[in-house]
Structures are given as C-alpha cells and as structure tokens.
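Reading the structure
Residue strings, one per chain:
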Amino acid sequence: MNAKIDLVLMALAALLAGIILKVGFGGERNFDEAALGTLTVGYEAKNAAGQCIHTVKQLEADMEDMLASIHPERETILFLGNSQTHSINQWEDGQVNYIERLDRQATKHNILCNSLPNANLQEMHLIASWWMSQIDIQQLVVPVFMDDLREDGLRKEFISAILASDFQLEAGVPLNEEINRELEALRNPTEQAAETGRQTPQDVVEKRLNEALSARSEIWRNRPNARGDFFLKLYQWRNTLFGINASTKRKMIPTRYAANMTALDLLLTACNQRGIQALVYIPPIRTDVEVPYDVKEYESFVAQVEQLAHSRSAQFANLERLVPGPLWGLKGSTTAGGEPELDFMHFQAEGHRLLAEALAPLTLEAP
Amino acid sequence: MIFNSVTFLLFFVVVSLLYWGLPTKPRYWLLFISSLVFYAFWRWEYLSVLLLSAVVDYFVARGLQATPTQERKRRKRLLAISLTVNLGLLMYFKYLLFFTDNLNHLFETLGAATRLPYWDIILPFGISFYTFETISYTMDVYRGHMKAEKQFITYGLFVAFFPKLVAGPIQRAAELVEQLKKRPRFQWSFLSEGLKRMLQGLFLKVVFADNIAPFVDEGFAMDPASLGGIDVLTLAFLFGFQIYFDFAAYSHIALGAARVLGIEIPENFNFPYIATSMKEFWKRWHISLSSWIRDYLYLPLTGTQVLVSTGKGGIGQSLGNEPSQRRKNWALFATWAIMGFWHGANWTFIVWGIYHAVFILLERQLSPLRNRFPVLGRGWITWPLTLGVAMLSWIPFRAASLTDTFVMYAQLFTPSSLLVMNMRENTYLVTGLMLLAFLLSWFGAVKVGPRIQRAAAWSYPIQLAQYTIMMLMVFVFLRPINQFIYFQF
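Residues numbered from 1 in each chain as written. Chains lettered and ligands numbered in written order. Predicted model: local features only at pLDDT ≥ 70, side-chain atom pairs only at ≥ 80, totals over all residues. Heavy atoms only, no water.

Considering the interface of chain A and chain B
Facing 45 residues of chain A, the contacting portion of chain B comprises 47 residues. Linking chain A to chain B there are 4 salt bridges. At the boundary of chain A and chain B, one finds 13 residue pairs in polar contact (both at pLDDT 80 or more). Sorting the residues of the side of chain A that touches chain B by element identifies helix 1 (3–24), helix 8 (191–196), helix 9 (201–216), helix 10 (218–221), helix 11 (223–242) and helix 12 (254–274) of chain A as the ones contributing at least two each. If one sorts the elements of the side of chain A that touches chain B by residue count, helix 1 of chain A sits on top with 14 residues. (Contact = heavy atoms within 4.5 Å. Salt bridge = Lys/Arg side-chain N within 4 Å of Asp/Glu carboxyl O. Polar contact = N/O pair within 3.5 Å; in protein donor to acceptor, adjacent residues only side chain to side chain. Helix = DSSP H or I, 4+ residues; strand = E, 2+ residues; numbered from the N terminus.)

Brief notes about the pattern of salt bridges
Residues and elements named next belong to chain A. Under the counting rule described, the total for this entry stands at 27 salt bridges over all chains. For Arg 312, the salt bridge is made with Asp 265, and the minimal N-O distance between the two is 2.5 Å. With Arg 312 in the loop between helix 13 (295–311) and strand 8 (315–318) and Asp 265 in helix 12, the pair connects residues that are 47 residues apart, well separated along the chain. The partly exposed category is assigned to Asp 265, whose relative accessible area is 22%. In this structure, Arg 353 and Glu 357 form a salt bridge, with 2.4 Å as the shortest nitrogen-oxygen distance. Pair noted here: Arg 353 and Glu 357 are both in helix 14 (residues 349–363), with a separation of 4 residues, about one helical turn. Under the relative-accessibility criterion, Arg 353 is labelled partly exposed at 25%. Judged by relative accessible area, Glu 357 falls into the partly exposed class, the value being 45%. (Buried < 20%, exposed > 50% of the residue type's maximum accessible area, 1.4 Å probe, protein only.)

Observations concerning the domain arrangement of chain B
Residues and elements named next belong to chain B. We note that the domain assignment places domain 1 (6–183) and domain 2 (190–449) within chain B. For domain 1 versus domain 2, the distance between C-alpha centres works out to 25 Å. Facing 37 residues of domain 1, the contacting portion of domain 2 comprises 40 residues. Linking domain 1 with domain 2 are 1 salt bridge. If you list the elements that add at least two residues to the side of domain 1 that touches domain 2, you get helix 1 (6–21), helix 4 (72–110), helix 5 (127–143), helix 7 (162–165) and helix 8 (173–182). (Domains from an automatic or database assignment.)

In structure tokens, the structure reads:
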C-alpha cells in the first residue's frame with residue numbers, strides 16, 4: 001500500500017478513535033452500580049445528624065464524617081460487609097439498610113461500617129486491622145459470604161485511606177506479607193518502584209504527564225470508563241456464550257478459599273489479642289430456590305466457619321434462612337441484553353429490617 | 001524508559017522530529033544523546049556501566065585493527081581484555097548473588113561456619129543484551145569479519161541505540177554501522193512502516209500481555225501441589241502466550257521506532273507457535289539471540305570455523321567444516337545450559353536450557369522416523385507435539401524454584417490429579433481465547449493479509465477499521481503498569 005495513503009488512514013483512525021472515546025465513554029460511571037444492575041440501589045448509612053457512618057470507597061469526606069461521629073463515651077462496633085450491606089433491592093424513597101437501622105436503635109454504641117462489593121476476607125482482614133490501628137473498637141461484626149471466598153487480592157479503589165497511610169499488616173505471617181507486598185504495589189505506580197521502593201525519573205515524569213493530560217483532555221479522562229465498559233461487555237458476552245447467570249452453580253476455588261479462611265483466622269486472632277469481641281455470621285441467602293452453590297461445599301463451608309469462630313472465642317450466628325423468598329428480588333441481567341435474574345445477594349428494605357432485628361441482640365444488647 | 005508509556009511516546013515524537021529536521025551529521029549525536037537520556041530515565045548512574053563496556057570494546061577493537069594477524073598473542077590478549085570486562089560486568093551484576101547464595105548453601109550443607117556476605121546489587125537494564133553486542137563486535141573485528149569503527153559516536157550509537165538497547169533484538173555491529181554511515185534520507189515509507197509496527201507492538205503489550213499477566217501471576221503464586229495436570233498445562237500455555245505477546249511487542253516497537261528513524265534492525269519473531277519442530281521454533285523465537293548463540297558459542301564449541309555472521313536465521317545453520325556427532329551433542333548441551341543461564345541467575349533457567357537441549361537432541365535422533373510420515377499430513381502431528389513441548393518448557397522459566405518446577409511437572413503425570421481444575425474458570429477461558437487469537441492472527445497475517453493488500457481499494461476500509469480498533473484499545477489500555485518481561489534479563 002502507498003505509504004502516504006497508509007499514513008492518511010492512520011490519521012483518520014486516530015481521529016475516529018478520539019471521537020468514539022469522546023462520544024461513547026463520556027460522563028460519570030459507577031461500575032459498582034453497573035455490576036449490581038439497575039434494580040438494586042447502593043445505600044450508605046448515615047446517622048441521625050446526617051453524618052456518614054458507612055463507607056464503601058473510603059472517600060476522604062466519609063472518613064472525616066465517620067471519625068467525627070464517634071462519641072468518646074460509647075463503645076464502638078465496626079461492621080464489615082459486602083454489597084449486601086450497602087445495597088437495597090427495589091429501593092424506595094425513605095428506605096434504609098440494616099446499618100442505619102441499628103444506628104437508630106443504638107444508645108450506648110457508635111456504629112461504623114466499611115463494606116465493599118465482593119469483599120474477600122483478605123480485604124476484610126486488612127480493612128479491619130487498619131480501623132483497629134485508627135480507633136478503639138470494642139466489637140467487630142464479620143459476615144462471611146461463600147460467594148466472596150472465590151475472590152482474591154486487593155482493589156485500590158476501595159482502600160484509598162489505607163493506601164494514603166503507611167499502614168502495613170503485622171510482618172512474619174506469610175499471608176500478611178503477601179498482602180503487604182500487594183499494598184506496596186498499589187502504592188507505587190510501576191513495578192520497578194514497587195520492587196525497589198524508589199521512584200525512577202520515568203515514574204515521576206509519567207505521573208506528571210498523566211495528571212496534565214487528565215486535567216486538559218476529556219478523552220484521557222474517559223479512559224477508565226472505556227476500560228470498565230470493555231470488561232463489563234466481556235463479562236456479559238462470556239455469560240451469554242456459556243449460559244452463565246446468577247442461578248448458575250459456582251464451584252469453590254480451593255486456593256482462594258484457603259487464603260480467605262486464613263485471613264479470617266488471622267482477623268479473629270487479632271481480635272482475640274486486642275480484647276475485641278468478634279461476631280461471625282453466615283449471612284442470609286435466598287432459600288426459596290436452589291442455591292447457586294454445590295450443596296456439599298456450602299455445608300462444609302458453614303461448618304468450617306463455625307468451628308473457626310468457636311476456636312477463636314468469637315460469637316457465631318447462622319442467619320442464612322433469615323430473609324424469606326419474597327423479600328429478595330431481581331437483579332439486572334448479567335448477560336448481554338438478557339432478562340432480569342434472581343438476586344441471591346441483595347434483598348429489599350424489609351430484609352434489612354429483619355437482619356437489623358437479628359443482629360441487635362448479638363451486638364447492641366450483647367453482654 | 002518503558003515503551004508502553006506516555007513519556008516514551010512524547011520522547012519519541014520529539015527525537016524523531018529533531019532527527020529528520022537536522023542535517024545528517026549531527027543526527028547521530030542527537031541519537032546517541034537521546035539514547036543515553038532514554039537509559040537514564042531508569043537510573044542515570046548505571047549509564048557508567050553501559051559506557052564502560054562500550055569504551056573498552058571501542059579501544060580493544062581499534063587495537064585489534066592496528067595489530068597484524070600474525071601477532072596472535074597480542075590479538076588474543078586484546079580479545080581477552082574485552083571478554084574479561086564484559087563477562088566480568090555480567091558476572092558481578094547478574095551472577096554474584098547467585099554464586100554467593102549457592103556457596104553459602106554449600107557451606108551450610110558441609111557444616112562450615114563461613115558465610116559470604118550478600119551485596120545489594122541491582123541488575124542494570126539491558127546488560128545481557130548490550131554486553132553480547134559489544135562482545136560480538138570485538139569478535140567480528142578479531143575474526144576479520146569487519147573493520148574496527150573509527151568514529152566513537154558511530155560505534156557508541158551501535159551499542160546504545162535506544163530502540164533496541166534494553167531488550168534487543170541483538171544487533172550485529174556491521175549491520176547497524178553500515179546503515180548509520182549511509183545516512184538515509186527521509187521517506188514516507190519509513191514513517192508508515194515504523195508507526196504500523198509500533199502500533200502492533202503497543203497493541204500486543206497493553207491489550208494482550210498486560211491483561212494476561214494477572215492470571216499468570218495468580219496461577220504461579222498458587223501452591224504447585226494444589227494444581228492439577230490441566231492447571232499446569234493451562235499455566236504453561238498462558239505464560240507462553242504472555243511472554244510471546246510481551247517480547248514480540250517489545251521487538252515490534254523497537255523495529256518500528258528504528259524504522260521511523262530510517263534504520264532497519266533484524267526481525268526477532270516469526271509466529272513461533274506454529275513451528276512443527278523445536279529447531280524451527282528457535283528459528284522463529286528470539287531469532288537474534290539464537291543466531292548470536294549459534295555464531296559466537298555453539299559453532300566455536302563444535303570446532304566449526306565461522307565464516308559469516310549475520311543476525312538472521314536462528315539456530316541450526318552449520319557454517320564451514322562438519323564436526324563429529326558426539327562433539328555436536330556436547331556443544332548442544334553446553335550451549336543450552338549457558339543460554340538458560342544467560343536468561344537468569346537461577347537453576348530454573350539452566351533446567352529450561354537443558355530441557356530444550358534434550359528435545360532438540362531427541363528431534364535429531366527421531367528425524368528419520370519423522371521423515372517416514374507423508375509430508376502433507378506430517379504437520380498435523382508435529383505441530384501440536386511441538387506446541388506442547390515448547391509451552392511446557394516455560395514452566396521452569398516462570399516457576400519460583402526448582403522444587404516448584406518439578407512438582408508442577410509431576411502433576412502432569414499424576415493420574416489422580418490430572419483432571420483437577422483448581423484455578424478460576426476465566427483462566428482456562430482466557431488461555432483458550434489466546435490460542436485462538438494467536439492462530440487467527442497468524443492466519444490473518446500470513447494467509448489473508450497479503451490478499452487484502454493486493455486488492456487495494458478493498459483494503460482501505462479494512463485497514464481503517466483495523467487501525468481504529470487498535471488505536472482505541474492502545475489509547476484505553478496504555479499504562480506503564482508492567483515492564484517488559486525481558487527487561488529483567
């Protein structure tokens with residue numbers, strides 16, 4: 001092909017790519033919401049004074065509010081959670097989640113919550129340990145979801161406060177050191193800097209160039225949106241191609257499962273050492289239809305969590321049957337252009353009321 | 001400087017504009033200084049190592065040029081200076097920690113209290129590549145294959161030329177120096193061919209290699225005993241694709257950047273995973289290294305006189321007298337062990353090298369049997385076999401230790417764990433997709449591409465769509481999160 005024509009084609013392609021990025025990927029996106037589907041709404045609890053007491057992304061304003069909400073004479077209960085905590089199915093105006101309900105009932109306790117979607121127990125271990133290093137905590141509430149034991153690793157968008165600090169988990173424990181290494185990698189923009197702990201001239205220049213481009217160019221700012229959309233589409237196409245939906249049975253991934261259970265063990269041990277009363281519970285799951293797990297694996301998981309909780313002097317509660325079928329609902333399709341699907345993770349506001357009622361005696365009224 | 005970064009792209013635009021805007025003579029000063037700046041963006045203090053290697057070989061080569069061939073002793077002494085300095089640098093920066101560690105283990109095993117101290121050494125980027133280039137330059141002058149370069153700037157540019165400085169392709173001095181002296185005039189084809197290669201390279205790196213990396217890292221971080229046979233095979237294939245996309249991407253960008261500047265550097269890859277024998281694989285994979293190893297290591301070890309050296313062709317070409325089979329086999333194993341050790345200071349790399357030697361030797365022995373199959377259907381048997389052998393060779397290359405390597409290989413032969421699948425479902429899916437993408441890209445480039453190119457009018461919209469998709473993806477995924485795998489060698 002003629003070189004000049006080729007160059008013209010490349011210039012046209014660059015122009016087209018720019019237009020696609022500007023038009024197709026503009027605006028604010030929330031991929032957590034996109035993952036939840038349009039039928040489920042994210043909800044972060046507030047106290048009576050309107051202060052945020054519940055964070056998902058550890059945003060600076062949330063953190064300031066949460067620290068300011070702490071009443072020094074009261075005991076503090078930290079609730080961990082995943083999207084079940086911060087979502088309400090078929091939400092209607094005025095409805096609140098179980099954290100806010102518990103806060104309304106609490107007269108002797110500060111209620112704080114840090115939840116994150118698909119929270120694996122390694123993330124929960126890190127987040128709880130970080131909170132323990134920041135404030136005095138008397139109780140810790142840990143829901144253990146079978147689903148989330150398939151997850152692994154840290155996600156920087158949910159631990160910004162931890163990344164901004166120089167916090168590290170206690171060294172000498174293999175899993176802690178692995179998590180610490182991952183933290184370092186997230187703190188440093190390049191592999192090189194993460195390995196050597198030193199920024200190269202390239203790291204410095206690259207960061208400045210990126211900041212300058214983000215400040216001046218809309219299409220540069222749209223890049224994360226485009227990446228998110230791309231992976232979301234891939235996820236939907238995969239599901240469509242292989243007939244995967246929310247009801248499909250998912251198998252446990254042994255190594256991830258083991259790492260997450262080790263993280264739970266480390267977390268409960270830390271609570272024990274600090275005199276923090278831990279409550280571990282099996283969260284509600286939709287039981288009016290067949291669960292999307294291998295039943296034997298699920299039963300063994302429940303038994304293991306219970307045994308671990310008891311061995312570390314933590315309270316244990318199995319709340320799996322707490323929320324009846326009609327209080328669950330539907331979630332947006334996980335396939336490309338598909339119909340809404342059964343939601344096994346998020347329930348309606350009435351479910352949150354039931355969960356708050358079940359947790360209150362175990363936390364607010366605990367001896 | 002990392003190619004997959006905004007910093008590099010900006011640097012390259014500025015250098016290219018200045019380069020073609022300047023008269024021919026100062027261009028080489030510009031390229032030399034730019035190359036030093038390129039390197040200093042990693043760590044400026046390690047420029048001294050690069051310059052030391054270059055300066056020593058410059059003077060050694062000048063000395064060799066000035067010494068008549070009859071003065072063999074003096075010539076050998078000069079060559080020894082070059083080899084000592086270059087291999088000494090490699091030994092210190094790359095292998096000292098390995099030897100210290102092994103000696104300390106030996107002392108411990110023997111019950112001796114002696115322990116050698118561990119020094120805090122950082123491996124300078126590209127040292128394995130530029131020392132090989134400077135050694136080959138001196139060897140070529142020593143063998144009389146080329147004359148020593150008078151101008152330091154021309155020679156220095158051969159060593160430091162930024163597109164291939166950090167991870168090759170390993171260039172022969174004669175090939176580059178000759179081009180530099182010709183001082184090419186600007187042609188639009190330089191720009192179009194170069195930009196196309198750079199786009200291809202960036203696409204392979206940021207879209208494929210970087211997105212495969214987390215799956216590979218996760219798989220190899222697992223306890224190898226928990227992996228099933230299918231898991232090991234999947235990881236071998238997945239890492240095989242990651243390293244191919246990563247390294248081929250680097251080579252594409254290097255070739256493209258050089259082309260924009262009017263300079264040609266040799267091809268390094270040619271769809272290696274369609275090879276139907278291991279010998280063919282090494283004529284398609286890291287071609288510049290295998291041809292270097294052939295000319296400066298394997299052939300001398302077999303006692304063959306090297307008559308011509310080129311950076312093309314890969315392994316397997318015998319130039320000159322034919323050595324005995326026994327000596328060839330010995331040279332094969334020694335060469336591959338050294339080749340493995342060149343890649344990294346770890347026993348796993350030596351195992352990787354020996355693995356290749358074993359299969360190449362096996363192939364030599366079995367070639368009469370292979371030739372009995374009809375030519376037409378032969379590829380359908382030999383291709384999957386070669387692909388499996390080549391992919392499984394990546395296990396020691398990526399595994400953390402020898403123990404992990406052997407445990408992983410053992411899982412392939414353990415009937416009870418053969419079908420166990422312990423990794424995330426997406427890992428298997430991505431591996432399958434990568435195999436499909438590789439085969440389609442080969443089919444597209446080799447079978448369909450040339451036909452489309454011939455039908456000029458038809459090809460424009462297809463080319464436009466292809467460029468648009470590639471640019472869009474590169475723009476979206478361009479982040480210097482992972483350096484190129486071969487930077488560590």
